[in-house]
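Here is how the chains run, residue by residue.
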Amino acid sequence: MATPLSHPQRRPPLLRQAIKIRRRRVRDLQDPLAQTAQELEPPSHHLSPEERALLYEEALYTVLHRLGQPEPSHVREASELLQYLQEAFHMEPEEHQQMLQQVQKLEKPVFCLKATVKQAKGILGKDVSGFSDPYCLLGIEQGVGVQGGSPGSRHRQKAVVKHTIPEEHTHRTQVIAQTLNPVWEETFILEFEDISNSSFHLDMWDMDTVESVRQKLGELTDLHGLRRIFKEARKDKGQDDFLGNVVVRLQDLRCREDQWYPLEPCTETYPDRGQCHLQFQLIHKRRAPAASRSQPSYTVHLHLLQQLVSHEVTRHQAGSTSWDGSLSPQAATILFLHATQKDLSDFHQSLAQWLAYSRLYQSLEFPSSCLLHPITSIEYQWIQGRLKGEQLEELTASFSKLLAYGLSLLRKFRSVFPLSVPDSPARLQSLLRVLVQMCKMKAFRELCPDSAPLPRLVTETLRTGTVEWFHLKQQHHQPMVQGMLEAGKALLSLVQDIIGDLHQCQHTWNKIFQNTLKVDLFSMAFLELQWLVAKRVQDHTAVVAGSPVSPEMGESLFQLYVSLKELCQLGPGPAERDGVLALDGFHRWFRPAIPSWLQKTYSVALARVQRAVQMDELVPLSELTKHSTSAVDLSTCFAQISHTARQLDWPDPEEAFMITVKFVEDTCRLALVYCSLIKARARELSAGQKDQGQAANMLCVVVNDMEQLRLVIGKLPTQLAWEALEQRVGAVLEQGQLQNTLHAQLQGALAGLGHEIRTGVRTLAEQLEVGIAKHIQKLVGVKESVLPEDAILPLMKFLEVKLCYLNTNLVQENFSSLLTLLWTHTLTVLMEVAASQRSCPLASSRLKIALQNLEICFYAEGCGLPPAALHTDTFQALQRDLELQAASSRELIQKYFCSRIQQQAETASEELGAVTVKASYRTSEQKLRVELLSASSLLPLDSNGSSDPFVQLTLEPRHEFPELAPRETQKHKKDLHPLFDETFEFLVPAEPCQRDGACLLLTVLDHDTLGADDLEGEAFLPLRSVPGLTGTEEPGEVPQTRLPLTYPALNGDPILQLLESRKGDREAQVFVRLRRQRAKQASQHAPRPGQ
């Protein structure tokens, strides 16, 4: 039965056109909110037993009278839906069966198909113009099904609707003129009785009106139009053209359908006739349940939604999981069926969902994101005129209550959204998004025009909540026992909680509020909390300052001071502030406690040092770490002092300088105390030790500990940030005061440690020095038959063992210091022994070899002393002495002449005069030819102011030329510039002339008739430089050589002294006697040069 929407009885056929309803009008007239609501829903989601029974009846009725095919995600079986309803309404089985039987006895509803003809596209053009004037005839055919579910399986006929459906049950759309893509948007309510044998039929026709041939020719556009004119001439006037039809079995429809259907032809002439867009909805009319008869459909749906959502949330909570906002398939199916059967619009469904969820959110725990969808839907479809006054009041109340509830959650967000729960930030952000979206709604702005801007409301709420949270924390930390110490601990705990809260605000919460509302939670919370904290800390310190500060109270105040520093560092810098903070200058409140803090720091450190030394067994920690446990503890102790100084970081520059001075003084004092304690510990542990090696081990560890301490002390300027302090106090202190104070303290401590280290190393060195001296003494007493290399083996083995041991047990710095001491001592012993063995070449040779090996030993391939430390003046002097002492007498004589040749080469002055010679060597004859040309500028040695000079020529050393006698020139009377012009030849092989020290000695003498001749001077011509001696060719033109005269050394030559000490060597004694004679002559008769 086709029924008009406004009256239940049928209307005459002539009125069919009048009851056509466009979709917009149908929604308005069918709106369940148009019915007068008796009263608003209370805020609580709980129903009375009577209301629950009526709502249960409504839900059962909805399931039992289900229409259409189920949606893909919906539940198909009715038994499953009934079981779910029983659980959701908490019905006992007996009560459920009783209610089910009652509902089954109720009268069935009137089944209706709500059909909307929206539009068509691509239809045939039947008019001469190539377009059509389409309209649709539609209705439901009952009692005859379409086989196979396909409308094309039956015999096609033009007038399906006209011939099969009574005229009074047929509906017609408007005619859309001259188009191939008509748009109708018309809705019809079509009643039916049995869905299984009912079919929906729609015929589309082209409206034809009676026109003259002239009019049709005027519309003609092409040949197809001319063909249509001839075709129309053959048919009856006013007969409409068939465009296509659509036939759908109702039992194939879902509750809601929205799709395009192809228009089926009646012949095969034009198989493609376009498509028609249809919407279907299977609804109920005149439902029997009491709720449907007594309450608006919207209200009933709202209650059902609340009940099912409440059950969903409760069921998840029972399973220890949180509801994510997704309805179960059973709940979604029931709500969809109820909204469809009651023909609730999308807008009213969204409104019901908003009201239900906003109420439930205030009493049940589920995601606030569930509120976003209804907000969006209401905003998209909002028209204020749709709602009556009562509904507007209900919606307004929901906005106000949710806003108030949301603000109450934000006021307590620290406890409502704790970070211990992982999803708390996401839940808070979701709530803020809901509030923001709600306040942006047109509905909210129209219904709540006096509401303050959300950011302002949230800011004030957060400020109030922060103050409330502070007072709750203060009450929580209230001590059970009243006292200053307990009050200080409680205040410290409160400040630490505030710091933790501000960290959370800064790193987590502020981002959420800033991104969502542009609200700076952190700055607001910091300003509020710092003011509250400052008031309480100032009151507390004022009370404490009235009495002496005990160590326990000092510790409590220090921790409070450090916590306040951390709190202030969280806030904005001075350049970013709008004004002065309440905590600015808070350090002044703690000034009376500074002496207590410094004393406590030193006392704790001293006790720790004493305990560390007492427990130290003076054993290296490992092969690589050669100091003991107390050095590690001491380093940690000093690091703790530095950490305390950094924690204190006193803002006042002048006072900060004095505090740093105290820290440095205490640290240096602790270092010296440690030295005394560790030495006493070593004496204590070694007192009963018979093994001297164990005592040496301990001494090595003590020295290493002191060295480690020195390294730690040297880091004080960095650890205490002296550079930064110097910059801060630059304008307060006099220039250089910091250097004179702090650096003087540090240098004094380092000097004291250096002295202690040197003393320890000196003690270790003394233990080795005795052994080194004994082995060196034994070295010279070994039998002459023992080779020098074998004689020094005991000394080298002794050093190898001892130095390897010390290298293993000492750190590198101390081992190097020890090596330096041992090297110095060894050189001293060698010097003493060498001095006692001057006359013994064999002993000196052994000492020489010993020195060479000791140099290699102490160098240790670059791992010992560097060459600069080895080659000291003492070493070089000893090396020269041993080189001489180990030489034979002839070697010494040879060295003597080498030195005189060197002296001759270095002499440029002719104060004693000079001789001119020409010397050459003929290899073929093995002859040395010497031409003594002249002498000049001789000294007048006679009383008459002149001299009688002659020259004595000797080849030296004499042992190299034993068969060659000295030669002499003619004596010249009273001549200081004699011209000799004499030639001498020496038959001598070339080989001895080429040796070191081989020379021609020219002795210029003043002849005295009555006494010994006086010495004018000596000149030495090295033979290896004589032309012709080194080559095979005979010399050509021989150059003249001018040799200045020299005197022997007046203070005694060391080689001569060494030769003189060899009393048993006749050759040495003869040579020394001659050289002494020459020296004596030089000293008695000749004036000194320069005089």
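Keep in mind that what you see is a predicted model, and the values were worked out from it rather than measured. (Residues numbered from 1 in each chain as written. Predicted model: local features only at pLDDT ≥ 70, side-chain atom pairs only at ≥ 80, totals over all residues. Heavy atoms only, no water.)

## Here's the deal with the overall build of the chain
Scanning the chain for helices and strands turns up 37 helices and 17 strands. For the chain, with 1091 residues in total, the buried portion stands at 48%. When contacts within the chain are restricted to residue pairs at least 6 apart in sequence, long-range pairs at least 24 apart make up 78% of them. Of the roughly 52,600 Å² of accessible surface on the chain, 51% is carried by carbon and sulfur atoms. (Helix = DSSP H or I, 4+ residues; strand = E, 2+ residues; numbered from the N terminus. Buried < 20%, exposed > 50% of the residue type's maximum accessible area, 1.4 Å probe, protein only. Contact = heavy atoms within 4.5 Å. Areas by Shrake-Rupley, 256 points an atom, 1.4 Å probe, with all protein chains shown as cover.)

## A closer look at the pairing of strand S15 (residues 999–1006)
For a regular strand, side chains alternate in direction, first toward one face of the sheet and then toward the other. Most of S15 is tucked away, with eight of its eight residues classed as buried. Side chains of S15 alternate between two faces, with Cys999, Leu1001, Thr1003 and Leu1005 and Leu1000, Leu1002, Val1004 and Asp1006 buried alike. Relative to S15, strand S12 (residues 949–956) is paired through eight bridges, and the arrangement is antiparallel. Residue Gln952 lies in a different strand from S15, and its bridge partner there is Thr1003. The pairing of S15 with strand S16 (residues 1014–1022) spans eight bridges and is antiparallel. By the bridge assignment, Leu1002 is partnered in S16 with Ala1019. (Pairing = 2+ DSSP bridges.)

## Brief notes about the pattern of salt bridges
Following the criterion strictly, the structure yields 42 salt bridges and no others. Between Glu191 and Lys285 there is a salt bridge; the shortest N-O distance is 3.7 Å. Here Glu191, found in strand S5 (residues 183–192), pairs with Lys285, found in strand S9 (residues 275–285); they are 94 residues apart in sequence, far enough to count as distant. Comparing Glu191 with Lys285 shows no difference in burial state: the two are buried. The shortest N-O distance in the salt bridge between Arg995 and Glu991 comes to 3.3 Å. (Salt bridge = Lys/Arg side-chain N within 4 Å of Asp/Glu carboxyl O.)

## Topic: the packing of aromatic side chains
One pass over the full model with this rule turns up 26 aromatic pairs. Between Tyr561 and Phe590 the ring centres are 5.5 Å apart and the planes differ by 70°, which places this aromatic pair in the edge-to-face class. Of this pair, Tyr561 sits in helix H20 (residues 551–570) while Phe590 sits in the loop between H20 and helix H21 (594–614); the two residues are 29 residues apart in sequence, bridging distant segments of the chain. Like Tyr561, the residue Phe590 is buried in the burial classification. Here a set of aromatic residues connected by ring pairs shows up, and it is made of Phe558, Tyr561, Phe586, Phe590, Trp597 and Trp650. (Phe/Tyr/Trp six-rings, centres within 6.5 Å; stacked < 30°, edge-to-face > 60°.)

## Remarks on the packing of helix H2 (residues 49–64) against helix H3 (residues 78–88)
The contact between H2 and H3 brings their axes to 10 Å, and the two run at 170°. Our classification of the angle between H2 and H3 gives roughly antiparallel. Contact with H2, carried on its side by Tyr56, Ala59, Leu60, Val63 and Leu64, involves Ala78, Leu81, Leu82, Leu85 and Gln86 of H3 and no other residues of that element. Within the contact of H2 with H3, the residues separate by chemical class into nine nonpolar, one polar and no charged. (Axes fitted to C-alpha atoms, helices over the stretch in contact; angles between N-to-C directions. Parallel < 35°, antiparallel > 145°, perpendicular 65-115°, else oblique. Nonpolar A, V, L, I, M, F, W, Y, C, P; charged D, E, K, R; others polar.)

## A short note on the sheet that holds strand S4 (residues 171–172)
With respect to topology, four strands assemble into an open sheet ordered S4-S3-S6-S7, the strand pairing being antiparallel. Edge positions in the sheet fall to S4 and strand S7 (241–249), since each has one partner strand and no second. Pairing geometry for strand S6 (residues 198–206) and S7, over eight bridges, is antiparallel. Bridge assignment links Trp205 to a residue of S7, and that residue is Phe242.

## Quick word on the nonpolar core
Within the largest apolar cluster, 215 residues are counted, with the highest numbers of intra-cluster contacts made by Met438 and Phe590. A total of 15 residues in this core trace back to one element, the largest contributor, which is helix H27 (residues 737–780). Among the nonpolar cores identified, the runner-up in size contains 39 residues, and Phe980, Cys993, Val1004 and Leu1023 belong to it. (Core = buried A, V, L, I, M, F, W, Y, C linked by side-chain atoms within 4.5 Å.)

## Some words on the packing of H3 against helix H10 (residues 329–341)
H10 packs onto H3 with a crossing angle of 100° between their chain directions and a minimal axis gap of 10 Å. On the basis of their axis angle, the class for H3 and H10 is roughly perpendicular. Taken together, the residues of H10 that come into contact with H3 (itself represented by Glu80, Leu81, Tyr84 and Leu85) are Gln330, Ala331, Thr333, Ile334 and Leu337. Across the contact of H3 with H10, the residue classes tally to six nonpolar, two polar and one charged.

## What to know about the sheet that holds strand S10 (residues 914–922)
If you trace the four strands from one edge of the open sheet to the other, you get S14-S11-S10-S17, paired in antiparallel fashion. Whereas interior strands pair on both sides, the edge strands pair on one side only; in this sheet they are strand S14 (979–987) and strand S17 (1041–1044). Each adjacent strand pair in this sheet contributes to an overall mean axis angle of 25°, direction not counted. With four bridges connecting them, S10 and S17 associate as antiparallel partners. Among the inter-strand pairings, Ala914 is bridged to a residue of S17, identified as Pro1044.

## So, the environment of Phe638
Take Phe638: it is sitting in helix H22 (residues 629–648). According to the relative accessible area criterion, Phe638 is buried, its value standing at 2%. Separated by 29 residues in sequence, Phe638 and Val609 place their C-alpha atoms 9.9 Å apart. Excluding residues that lie within four positions of it along the chain, Phe638 makes contacts with Thr667, Leu670, Ala671, Leu709, Val712, Ile713 and Gln719.

## Observations concerning the side chain of Arg1075
One can find Arg1075 in helix H37 (residues 1066–1085). A polar contact of 3.4 Å, which involves the side chain of Arg1075, links it to the side chain of Tyr896. Setting aside anything within four residues of it in sequence, one finds Arg1075 in contact with Tyr896, Arg900, Leu1001, Glu1018, Phe1020, Pro1048 and Leu1056. (Polar contact = N/O pair within 3.5 Å; in protein donor to acceptor, adjacent residues only side chain to side chain.)

Keep in mind these values describe shape, not function.
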